[in-house]
Amino acid sequence: MEINKSELPQNGRQEINLLDYVAVLVKWRRFLVINVALFTLLAIVLVLIVPRWYKSTASILPPKDQGVFNPLGAASSLLRGISSAQGPASRLGQNSGAYNYLAILKSRSSMEDVIHKFNLVEVYDVPNKSVEKAIKELEGNVNFDIQPEENITIEAYDKDPQRAAAIANQFVEILNSISIRLGTQEGKNNREFIERRLATINRDLHAAEDALKTYQEKSGILILPEQSNASVSAVAELYAMKVKKEIEVGILERGSTKDNPVLQHLKTELQEINKKVDMLPEVGMETLRLYREVAIQQKILEYVVPLYEQAKVDEQKNVPVILVLDNAVPAERPDKPKRMIIVLVVFILAFLIQAFLIFFFESFRSRANNLNVFEDKVNRAIVSIAKRYRVHL
């Protein structure tokens, strides 16, 4: 009684096919082993010849409320109290500050500084001494990234481990230097802005004092501070608040977009203060009105002078703004190429390619009848290869 092979269990058929494949590989074992060994040996030679690259990493932490990169953009330390009171704006500022630092690191001026300091045109053997090509190669050898913990990592690759560490640390120095320069420039701008406003306040104060003096001399009426009613000091305080908001809005308008939520909030507060100022009743007596004007200008001056002094301090501030978590150190082992991985990948690919060729040879030989001219040449080539590797067809 004959057994129909189609009725065999499925796992039995798979076992037979698998054994057939193994038998074919064993039959062509010399071809498989020799070629895979040659490709693997070639890969080993190549990875030994290819230069080794070392990686060094520096890690920095941007300050949370630094003048140039704080949530208000350009408000410097004058408005840090405001920024701390604005939750959404603070969160916005942390991200934008980090990206501002990345922009500095990736800038052409930073790249050129590193290239000139380490003579990378010669190190990279750039054709025609092209700085542009050296910049492109340096960009491929460095990596700047913002980590989930909000610190920035600076990775530098080089064939010399000492130079790799020096390049990474140089980027930190460049970032710190540019940040100080930008912060100093911002302090200068704020100082000039407040200085102009202070000059106006001084002129208004002198004019108010002169007007009060002239009126008193003509009228013969002398008014002393204790003789004025309590409303004068309250009005002066309100006007001082108005000037304070005007200065804050003016600084923000120069360093942020119109959609800045903090700027919109300050403008709303300024509008409310202006409404209160417009509702103030006029003092009937001319002497009190003149004295009130003097008191207002004095109150404004008391507020603006400390701001002006702080702006001068910010302008002269020359302290590091970058918090260095880890300086780059020379690597003990090369980071690339990954020799073991390359050799393993070549070994696997070589095995798969040779196995594919073996099964192709066997499949082609199974239909070696009624071949055309081209197929006959292929068949003869297969026979020749089999003889060379001592494979019995």
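Numbering of residues begins from 1 in every chain and follows the order in which that chain's sequence is written. Given that this is a predicted model, residues contribute local features only at a pLDDT of at least 70 and side-chain atom pairs are listed and counted only at 80 or more, while totals for whole chains, interfaces and linings are drawn from all residues. The basis for every side-chain value is the complete set of non-hydrogen atoms in the structure, without hydrogens or water.

(A) Here's a closer look at the environment of D204. Secondary-structure assignment places D204 in helix α8 (residues 161–219). Residue classification places D204 among the partly exposed residues on the basis of a relative accessible area of 36%. For the purposes of this entry, the term helix denotes a DSSP run of H or I that reaches at least four residues, the term strand denotes a run of E that reaches at least two, and both are numbered from the N terminus. Here the term buried applies to any residue with accessible area under 20% of the maximum for its type, exposed to any over 50%, and partly exposed to those in between, with areas from a 1.4 Å probe on protein chains only.

(B) Spotlight on the sheet that holds strand β4 (residues 323–326). When DSSP finds two or more bridges between a pair of strands, those strands are recorded as paired. Across the sheet, four strands lie side by side as β2-β3-β1-β4; this open sheet has antiparallel pairing. Lying at the two open borders of the sheet, with one neighbouring strand each, are β2 (142–146) and β4. The sheet shows a mean angle of 25° between the axes of neighbouring strands, taken without regard to direction. Two strands pair when backbone bridges link them, and strand β1 (residues 54–61) and β4 are joined in this way by three bridges, in the antiparallel orientation. Its bridge partner lying in β4, L61 is registered against L323. Lines fitted to C-alpha atoms define the axes here, with helix axes fitted over just the stretch in contact, and angles between the N-to-C directions of these axes take values from 0 to 180 degrees.

(C) Quick peek at the packing of aromatic side chains. Stacked, tilted and edge-to-face pairs are distinguished by plane angle, under 30 degrees for stacked and over 60 for edge-to-face with tilted covering the rest, among Phe, Tyr and Trp rings (Trp via its six-membered ring) whose centres lie within 6.5 Å. Evaluation of the coordinates by the stated rule reveals six aromatic pairs. With a centroid separation of 5.9 Å and an interplanar angle of 65°, the aromatic rings of F31 and F361 are classed as edge-to-face. With a gap of 330 residues between them, F31 in helix α2 (residues 29–49) and F361 in helix α12 (residues 339–365) connect regions that are remote in the sequence. The exposure class assigned to F31 is buried, which follows from its relative accessible area of 5%. Here a set of aromatic residues connected by ring pairs shows up, and it is made of W28, F31, F360 and F361. A ring is considered to have a charge above it if a Lys NZ or an Arg CZ atom is located within 6 Å of its centre and within 35 degrees of its normal. Here the basic side chain of K117 rests over the ring of F118, its NZ or CZ set 6.0 Å away from the ring centre.

Spatial relationships are all this shows, so hold off on functional conclusions.
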